[in-house]
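# Commentary on secondary and tertiary structure
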Amino acid sequence: MRTSVIAGNWKCHTRLQSAMALAAGLRERIGGIDGLEKVVCPPFVYLAAVGEALRGSSISLGSQDVHWQDDVAATGEVGPRMLAELAEYVIIGHSERRHQFGETDEMVNRKVKAALAAGLKPLMCVGEVLQERQAGLTEEVLVRQARGGLTGVEMPDGFIIAYEPVWAIGTGTPATDADAANAIAVIRREVASMSGFAKAETVRILYGGSVTPENIAEFMSRSDIDGALVGGASLKVDAFSVIVEEAARVKAGAS
Ligand code: PEP
């Protein structure tokens with residue numbers, strides 16, 4: 001039985017005051033919901049403050065990126081061991097990192113290994129862009145990114161991957177639950193070919209891309225979809241709370 005995860009990616013949004021208000025509001029509203037993991041990923045600069053605001057609650061802290069080394073000359077980067085002092089989870093290989101900042105599968109792979117070695121829980125993102133989808137290359141891209149990111153990785157049980165079709169991120173046009181489930185099956189099959197069927201069955205694979213309070217139930221009702229990575233809707237206490245509530249309700253009904 002895989003425990004679902006709902007993670008909020010705050011991206012480059014909020015200021016200190018609004019980040020604190022969001023954290024306090026979520027603590028109040030969803031702190032008491034159990035049966036799934038709830039994670040918020042604020043910008044690096046607010047990790048400490050948000051972590052303090054969530055201390056002792058059931059909501060975990062994640063970051064949006066990490067470098068693969070500590071104690072090196074890498075201006076502007078945050079190393080895995082320093083990050084592990086503050087956060088529990090880390091998003092790695094988000095499409096905005098890949099496509100705006102040139103992150104490659106090889107960099108993703110290094111980051112995943114370094115994060116695991118530091119005791120962090122990676123949330124590794126994969127997903128095709130629109131042109132790849134239109135050219136019928138979705139499966140090929142997912143296989144390449146999954147294999148590239150996970151080569152040589154000793155995955156702990158419950159490792160997290162997020163399938164995020166790039167064309168669905170921030171567009172208001174989500175994948176259908178059927179398309180998401182098909183893509184997730186491709187990813188799980190690839191993980192199985194690398195690490196064995198038993199390990200692949202423990203891996204949590206989330207869907208991300210224009211998830212809202214209105215559509216979360218469709219995704220969660222698919223047995224192969226283990227949660228969601230949420231961008232825009234994670235910035236509002238009410239929207240993110242409803243997403244968490246609905247996810248918990250659907251998965252509880254299915255178990
Ligand atoms: C994301 O950035 O990971 C994301 C899924 O964004 P949105 O929910 O806004 O599409």
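Residues numbered from 1 in each chain as written. Predicted model: local features only at pLDDT ≥ 70, side-chain atom pairs only at ≥ 80, totals over all residues. Heavy atoms only, no water.

### Description of the pattern of salt bridges
Here the idea is simple: oppositely charged side chains can pair when their charged atoms come close. Applying the stated criterion across every chain yields a total of 23 salt bridges. Salt-bridge contacts for glutamate 201 lead to arginine 2; the nearest nitrogen and oxygen are separated by 3.7 Å. Placement of glutamate 201 in helix 9 (residues 197-202) and of arginine 2 in the segment before strand 1 (4-9) is noted, with a sequence separation of 199 residues between them. A relative accessible area of 35% means that glutamate 201 is categorised as partly exposed. Relative accessible area serves as the criterion here: at 17%, arginine 2 is assigned to the buried category. Put simply, arginine 188 and aspartate 224 hold a salt bridge, and the shortest N to O gap is 3.1 Å. In this pair, arginine 188 is assigned in helix 8 (residues 177-195) and aspartate 224 in the loop between helix 10 (216-220) and strand 8 (227-230), connecting sequence segments 36 residues apart. A relative accessible area of 21% places aspartate 224 in the partly exposed class. Here the residues in one salt-bridge network are Arg2, Arg188, Glu201, Asp224 and Asp226, joined through shared partners. (Salt bridge = Lys/Arg side-chain N within 4 Å of Asp/Glu carboxyl O. Helix = DSSP H or I, 4+ residues; strand = E, 2+ residues; numbered from the N terminus. Buried < 20%, exposed > 50% of the residue type's maximum accessible area, 1.4 Å probe, protein only.)

### Structural notes on the site of the ligand
For the ligand, the set of nearby residues contains 14 residues, the closest of which are Lys11, Glu164, Gly170, Ser210 and Gly231. A distance of 2.7 Å separates an oxygen atom of the ligand from a polar backbone atom of serine 210. The backbone of glycine 232 places a nitrogen or oxygen atom 2.8 Å from an oxygen atom of the ligand. When isolated, the ligand has an accessible area of 300 Å², and the protein chains bury 95% of it. (Near = heavy atom within 4 Å. Polar contact = N/O pair within 3.5 Å; in protein donor to acceptor, adjacent residues only side chain to side chain. Areas by Shrake-Rupley, 256 points an atom, 1.4 Å probe, with all protein chains shown as cover.)

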